[in-house]
Structures are given as structure tokens and as C-alpha cells.
Amino acid sequence: MLYRHLGKPIFFKMDPEKAHHLVIGGLNKSDLVPGGSAAMRLMYGVPETADLAVDLFGLHFPTPVGLAAGLDKNAEAVGGFSSIGFGFMEVGTVTPKGQPGNDSPRLFRLLPDEALINRMGFNNKGAEAMAGRLKAIKKRRIPVAVNIGRNKTTPNESAHEDYRQCIRTLYPYGDFFVVNISSPNTPDLRSLQHGSELSNLLAQVKEEMELQHKQSGAAKSLLVKIAPDVSDGELEYMVHTIAEAGMDGVIATNTTLSREGLRSDKAGETGGLSGKPLRDRSTEIISRIYRQTGGKLPIIGSGGIFTGQDAYDKIRAGASLGEIYTALIYEGPEVNRKVHAGLRKLLRRDGFSHILEAVGADHH
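Bear in mind that the values here come from a model prediction, so they are computed numbers and not experimental data.

**Re the sheet that holds strand β6 (residues 107-110)**
Taken together, three strands build an open sheet; the order of strands is β6-β7-β13 and the sheet is antiparallel. In the strand order of this sheet, the two ends are held by β6 and β13 (272-275), each with one partner. Taken pair by pair, the neighbouring strands of this sheet meet at an average axis angle of 25 degrees, ignoring direction. When β6 meets strand β7 (residues 115-118), the two strands line up antiparallel, connected through four bridges. Bridge pairing links Arg109 to Leu116 in β7.

Structure, rendered in C-alpha cells:
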């Protein structure tokens, strides 16, 4: 209620990107102030419960809902986000070299649709800077995934070099890694999802992960984040290639270029759409991946999760974990407690004692 009646009215009068930076800065400072993290956990934390904690990718997730990539691009507020009920988080997308991203304005609220459009363009301070920040974190409360991408000026034929460089720089500091080939805001990036480009790229990043594993002695999982704007045939090919390449999982999905059914006057802005309008399409993609792989390829569901029912629909479709982004902007940090409580209620209703029992239940 604090966010809805005090924070949100203030933030929503501000430029969206300025509000974003203010939130990141505030969460960063909350972790530096003595007692700040404890106060945040008291207000917004989600206690771990046996029915919703998940062990996956060799990691322990205290709750099944994490923070999607894009909010903490530079790993500046890991402590703060770790204190408001997330079970894990992605940082990034990070590129080997820092880059400013696309011109402003580049982030838009679609209030009637409870959605966002962004065309940020992988603005970040670079892999070395992120490595320094993650290294400085003494104790990590939740798993942190590093979402990696290519620089805007790197051609697709050299993209593998950028992904490999990010892995080399950040391997000691990420708990798992996500290959982002699905953002609509970097020219030609999405073409890496198709044909021989996808299989070649995944072979390269897999090789780099194995090299780092041998050198460090620590095995870490590698996932691929895919777009929702694909045909059935394209999706089938992508999933087959991802599985054949030995990837550990899929994040479904990134933002969409679709504008179907939108009411906002901002609907004509270019960029990727996130939020409630993406909910059903991302759930459909999850269902198709689960069916194609027989549930053998773990899925993190992302897109339009605002409630426990939204998260549960993705779990029953085949996701083992979920992520939110836009709901945090519209609902505030209270959203994690709401989703957690809703999930527990739905599990009990359907007679499941643990969330993993519900994964893919719609197919059985």
C-alpha cells in the first residue's frame, strides 16, 4: 500500500527512465545504510517456504519468482533487489564494452495496458565494471544470473566473440548465465536465433563455458532467452537447436514487437513491449517448448506475470521458475508477497505439496 499511495504517484509523474535510475540508486543505498537491508526485508521480504523453494541448475532458489534482466543493467542494486522477495535475479544485459544505448526518450509507460515499451539498446557500463561490482558483494542471498549480449557495433558474424568475452570476464561472479539473442533493440540481433547462426553461436558459447569450468573447477549453467515473435516452425527449430547444443534451459520470453489490442496512445512507439499484453503469448511459447522437449529442458517463464495466477499458469504450462519486470513498476515491491501467497493457495487448491509437482500439469 505504501508504494501504491505514495511511491507510485511520485514516480509516475517523472520521466520513466529518470524514475528507473532513482529506484536503482535508492536500492543501492538501502544496502549500504546500516540496517537498511534488514528494514527492506521486514517490509517486503518473502519468507522461504518448503512448498515453493526450488533446486535447479545446481542452485537453491528460495522463491520461484525472480527479477528479469533489464532493471539492474550494471549489477548496482543486487543487495537491494535481494531484500524485496525475489528468489533470484538477472543482471544485464551486459556487453564486453560499455555503450550508451539508443537515444532518449527510450522508455514509455502504457498505463491503460499496464505495459512498457523500451528501446534502450543494451545501455550498460561493460563487463569489467560489472565484474568489479559483483566481486565486491561479500554475501549473496539469492542466485544472480548474468545476461550477456553483443555490442551494437559488432557484426553478427563476430557476435560469438562478444559473448565469449563476457563469459570470460564474468564467469567467476555469475551463478548462471543467459545468452540474450532476442532483444528487438539491437540491430539484427534476433537473426542470431535462426538457421546456422544459432547453432554456430551456441557451439561457441558452450565451448567457452566448458573452458571456464575446467579452469575454475566450478560448473555453471547456460540458458538462452528467446523472443515471442516467432512462427511455430521457427520456434521448433530454435528449441531443437538449443537442446542439441546442450544448453541448460530457456527463458521464455523476451519483449514483443506485437501491438495487438493495445489502448494506449504510446502504442506507436518502437521497441519491445512488456507487461500484461505479453502474458498469454509467453505462456503459449512455454507450453510449446515443454511439449516439444517432453519437459526435459527447464524453462523460466517471463512475460506478464502480475499475480499468483499468472505465475501458476506458466508453471502449469511447463515453467519451473518465473520472472517479473513490468509488474514491479506498476505494483511495487509488494508484488512478490502477493504472487507468493497466490501460488501457495493455488497449489493447495489443486492438491500439490510442492511447486515442481505442478510443472507441466496442463500436459498430463
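Let us keep going from here.
**Some thoughts on the packing of helix α2 (residues 16-32) against helix α3 (residues 36-44)**
To describe two helices that pack against each other, one gives the angle between their axes and the distance between the axes. Orientation of α2 relative to α3, taken along the N-to-C sense of each, is 115 degrees, at an axis distance of 5 Å. Contacts between α2 and α3 involve Leu27, Ser30 and Asp31 from the former and Gly36, Ser37 and Met40 from the latter. Of the residues assigned to the contact of α2 with α3, the class counts are two nonpolar, three polar and one charged.

**Here we look at the side chain of Asn156**
Along the chain, Asn156 turns up in the loop between β9 (144-148) and α6 (159-170). Using a relative accessible area of 14% as the deciding quantity, one classes Asn156 as buried. Of note is the side chain of Asn156, whose polar atom sits 2.8 Å from the side chain of Ser191.

**Considering the packing of helix α7 (residues 195-216) against helix α8 (residues 232-244)**
Here α7 crosses α8 at 20 degrees, and the two axes come no closer than 10 Å. Regarding the angle of α7 to α8, the classification is roughly parallel. In this structure, α7 crosses over α8, and the sense of that crossing is right-handed. Of the residues in α8, those in contact with Gly195, Ser196, Leu198, Ser199 and Leu202 of α7 are Tyr237, Met238, Thr241 and Ile242.

**Structural notes on the pairing of β13**
Residue alternation in β13 divides its side chains into two sets, Gly272 and Ser274 and Leu273 and Gly275, and both sets are buried. Of the strand pairs in this sheet, β7 and β13 are connected by four bridges, and their pairing is antiparallel. Bridge pairing in β13 places Ile117 opposite Leu273.

**Some points on the side chain of Asn254**
The topology assignment puts Asn254 in the loop between β12 (249-252) and β13. Owing to a relative accessible area of 9%, Asn254 belongs among the buried residues under this scheme. There is a polar contact of 3.4 Å between the side chain of Asn254 and the side chain of Asn180. With residues near it in sequence (within four places) discarded, Asn254 still touches Asn180, Ser182, Ser183, Lys225, Ile226, Ala227, Pro228 and Leu278.

**Some points on the pattern of salt bridges**
Any two side chains of opposite charge can pair, given that their charged atoms come close. One pass over the full model with this rule turns up 21 salt bridges. For Glu208, the salt bridge goes to Arg164, with nearest N and O atoms at 2.8 Å. Of the two residues, Glu208 sits in helix α7 while Arg164 sits in helix α6, which places them 44 residues apart along the sequence. By relative accessible area, which is 2% here, Glu208 ends up buried. Lys338 is the salt-bridge partner of Glu331, the closest N and O atoms lying 3.0 Å from each other. For Glu331, a relative accessible area of 14% translates into the label buried. Each of Arg164, Arg168, Glu207 and Glu208 takes part in a single network of salt bridges with overlapping partners.

Thresholds, definitions, all that
- Residues numbered from 1 in each chain as written.
- Predicted model: local features only at pLDDT ≥ 70, side-chain atom pairs only at ≥ 80, totals over all residues.
- Heavy atoms only, no water.
- Pairing = 2+ DSSP bridges.
- Helix = DSSP H or I, 4+ residues; strand = E, 2+ residues; numbered from the N terminus.
- Axes fitted to C-alpha atoms, helices over the stretch in contact; angles between N-to-C directions.
- Contact = heavy atoms within 4.5 Å.
- Nonpolar A, V, L, I, M, F, W, Y, C, P; charged D, E, K, R; others polar.
- Buried < 20%, exposed > 50% of the residue type's maximum accessible area, 1.4 Å probe, protein only.
- Polar contact = N/O pair within 3.5 Å; in protein donor to acceptor, adjacent residues only side chain to side chain.
- Parallel < 35°, antiparallel > 145°, perpendicular 65-115°, else oblique.
- Left-handed = near helix turned anticlockwise from the far one by under 90°.
- Salt bridge = Lys/Arg side-chain N within 4 Å of Asp/Glu carboxyl O.

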